[in-house]
Amino acid sequence: MKHRTVLALIVMVSMGGSLAAQEGPRWNATLTAGGSVSGGDGMGGLGAEVMRVVGERLEVGLRAYAQAEVSTDYEDTQGREYHMSSGYGTLVVKPKLQLGTRWEIGFPLESGNGVLQYRYGGEYREEMRWTEEIIDQVNHSVYSAGIEPKFFVGDHGAITLAAGYLATGPLRTDLADDGELNGFWGRLGYAVAF
């Protein structure tokens, strides 16, 4: 992930000088709330992204997203409940098409790294040391592709509605089923250009 982040920053900075004549805002930041069906289980999440406009048909940037399982609770052999959550950071490349003055459709492609974590619920954590409350934690790769219509509101705001599919590399833990995080996702967001 470190190499991808450095590469993204180099590309964004190097493109800045060549786009000096471009009119309007060149950066945008978006806050999102979303849900997904990961491995057959429902998940809810929150995220943020920062994107740099590169020409008329492309944006490049970074996204951070955290999610937790909302439809399933697990129990260990002693009957204590725990839950699954994950977070990831990705490099985003988003080709886009302008549809009139108020609409735009983007096609975000993402690649990055994430963390999958299994952790005891709050009532059990009170009885444990902080080193014992996390049952297992693994790193994994993340790949995602989607479609993102954007409706511009005012001079600098936009509402986004995105949907797509996310897949991960192997999850090296006995607690995760095959394809535990793989599945369709949807996000609603608000973007501000600057």
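Residues numbered from 1 in each chain as written. Predicted model: local features only at pLDDT ≥ 70, side-chain atom pairs only at ≥ 80, totals over all residues. Heavy atoms only, no water.

(A) Broad picture of the packing of aromatic side chains. According to the stated counting rule, one finds seven aromatic pairs in the structure shown. With a centroid separation of 5.4 Å and an interplanar angle of 20°, the aromatic rings of Tyr74 and Tyr82 are classed as stacked. Every member of this aromatic cluster is reached through a ring pair, and the members are Tyr74, Tyr82, Tyr118 and Tyr120. Positioned above the aromatic ring of Trp185, the side-chain terminus of Arg187 is 3.8 Å from the ring centre. (Phe/Tyr/Trp six-rings, centres within 6.5 Å; stacked < 30°, edge-to-face > 60°. Lys NZ or Arg CZ within 6 Å of the ring centre and 35° of its normal.)

(B) Highlighting the pattern of salt bridges. Using the criterion set out here, one finds 12 salt bridges in the structure. Here Lys94 makes a salt bridge to Glu49, at a shortest N to O gap of 3.3 Å. Note that Lys94 is positioned in strand S5 (residues 81-99) and Glu49 in strand S2 (residues 41-53), a separation of 45 residues in sequence. The burial state of Lys94 is the same as that of Glu49; both residues are buried. The salt bridge involving Glu148 is made with Lys94; its shortest N-O contact spans 2.5 Å. Of this pair, Glu148 sits in strand S8 (residues 134-153) while Lys94 sits in strand S5, and the two are 54 residues apart along the sequence. Given a relative accessible area of 5%, Glu148 falls into the buried group. Here Lys94 falls in the buried class, since its relative accessible area comes to 1%. Residues participating in the shared-partner salt-bridge network are Glu49, Arg63, Lys94, Glu110, Glu148 and Arg187. (Salt bridge = Lys/Arg side-chain N within 4 Å of Asp/Glu carboxyl O. Helix = DSSP H or I, 4+ residues; strand = E, 2+ residues; numbered from the N terminus. Buried < 20%, exposed > 50% of the residue type's maximum accessible area, 1.4 Å probe, protein only.)

(C) Main features of the side chain of Glu104. Tracing the chain through its elements places Glu104 in strand S6 (residues 103-106). Look at Glu104 and you get buried, because its relative accessible area is 5%. Ignoring anything within four residues of it in the chain, the contact list for Glu104 reads Glu59, Lys96, Leu97, Gln98, Leu99, Glu148, Pro149, Lys150 and Phe152. (Contact = heavy atoms within 4.5 Å.)

(D) Structural context of the pairing of strand S7 (residues 109-120). Bridge count between S5 and S7: 12 bridges; the pairing is antiparallel. Note that in S7 the partner of Val93 across the bridge is Leu109. Taken together, the 11 bridges between S7 and S8 define a ladder with antiparallel strand orientation. Within the sheet, the bridge partner assigned to Leu116 lies in S8 and is Val138. (Pairing = 2+ DSSP bridges.)

(E) The nonpolar core, seen in detail. Met84, Leu116, Tyr118 and Leu181 are the most contacted members of the largest nonpolar core, which has 13 residues in total. Of all the secondary-structure elements, those providing two or more residues to this core are S5 and S7. When residues in this core are grouped by element, the largest group, three residues, is from S7. Those residues within four positions of Met84 in sequence are excluded, and the remaining contacts are Met43, Ala68, Glu69, Tyr74, Leu116, Gln117, Tyr118, Glu180 and Leu181. Core analysis: the next-biggest nonpolar cluster, separate from the first, contains six residues, Tyr88, Val142, Ala162 and Trp185 among them. (Core = buried A, V, L, I, M, F, W, Y, C linked by side-chain atoms within 4.5 Å.)

Worth remembering: the numbers are spatial, not functional.
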